[in-house]
Amino acid sequence: EIAFRDMQDYGMASASYAKGVSCLAEGLRRWPDDIELNFNLGLLHFMRNDRTREALARFLKVLELQPGHKKALQQASELYLRRSQPDSAKILLRKGIELFPEEARFYTNLGLIYLQENRPEEAEKLLAAAVARGDDLRARHFLNQLRARQVEGNGHCSTGRRVKVAKGIGQAAQPQVL
C-alpha cells in the first residue's frame, strides 16, 4: 500500500480512489470498449496491492482491444509478477520484446525472471540488451551483480570472456569485461 503521513492523508486518498473508480466505472458502463477508460481504471487499481485482480482484468481488456498497447503489456506483466505468475509474465514480456525491441523494461523484467529461475546465461543476455537499449539502472545493477558472482566462481562471465574486477577507493567491485 501507499505510505501516508497520517490517517487523514489515507482517508483523503481512499476517498479519491473511490471517486476515481466510480467515475471510470460509470464511463465503462457507457463505453465498455474504451481503451483509455479501461487502462486508467487498471492504473488506479494497480496502485493498490489489494486490487491486483481488478487491475489485471482491465489491462487484459486493453490488450484484447489493442494487442500492441505497450503500457498495458508492461503493467500486466508486472502484475503477473506481483501475483507470482512468472509464466504468464514471460508470455507478455516476450510479446513486448517482439513488438517493441527498443524498450529496455521488457528485457530487464524477463532477465530478472530468468535470474529467479537460475538461468544466468539467458538473464545475462537480456540484462545486457536492456542496458544497451536505454541504460536501464535496474538492469545494470543486476547485470553487475550477476557478473561479479560469475567472477567469484571462475573468473569468466558466461560468454566465456575473461572478466577482471576493478576496485577504486571507496567503490564497490565492478566487473569489467576484458
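Structural data are supplied above this passage.
(A) Molecular detail of the packing of helix H4 (residues 70–82) against helix H5 (residues 86–99). Between H4 and H5, the least distance of the axes is 8 Å, while the angle of their chain directions is 160 degrees. Judged by the inter-axis angle, H4 sits roughly antiparallel to H5. Here H4 runs over H5; the crossing is left-handed. Touching Leu 73, Ala 76, Ser 77, Tyr 80 and Leu 81 of H4 are Pro 86, Ser 88, Ala 89, Leu 92, Leu 93, Lys 95, Gly 96 and Leu 99, all from H5.

(B) Looking closely at the pattern of salt bridges. Per the stated rule, a full pass over the model turns up 14 salt bridges. Linking Arg 29 and Glu 26 is a salt bridge whose minimum nitrogen-to-oxygen distance equals 3.1 Å. Of this pair, Arg 29 and Glu 26 both sit in helix H1 (residues 7–30), three residues apart, which is roughly one turn of the helix. On the basis of relative accessible area, Arg 29 is assigned to the exposed category, the value being 59%. Among the residues examined, Glu 26 registers a relative accessible area of 33% and is labelled partly exposed. Connected via shared salt-bridge partners are Asp 87, Lys 90, Glu 117, Arg 119 and Glu 122.

(C) Quick peek at unusual backbone geometry. Although it is not a glycine, Ser 84 sits at a positive phi angle of roughly 55 degrees. Within the secondary structure, Ser 84 sits in the loop between H4 and H5. A positive phi angle, close to 60 degrees, is found at Asn 118, a residue other than glycine. Counting through the fold element by element, Asn 118 comes out in the loop between helix H6 (104–116) and helix H7 (120–134).

Calculation notes
- Residues numbered from 1 in each chain as written.
- Predicted model: local features only at pLDDT ≥ 70, side-chain atom pairs only at ≥ 80, totals over all residues.
- Heavy atoms only, no water.
- Axes fitted to C-alpha atoms, helices over the stretch in contact; angles between N-to-C directions.
- Helix = DSSP H or I, 4+ residues; strand = E, 2+ residues; numbered from the N terminus.
- Parallel < 35°, antiparallel > 145°, perpendicular 65-115°, else oblique.
- Left-handed = near helix turned anticlockwise from the far one by under 90°.
- Contact = heavy atoms within 4.5 Å.
- Salt bridge = Lys/Arg side-chain N within 4 Å of Asp/Glu carboxyl O.
- Buried < 20%, exposed > 50% of the residue type's maximum accessible area, 1.4 Å probe, protein only.

Just geometry here; none of it tells us what the structure is for.
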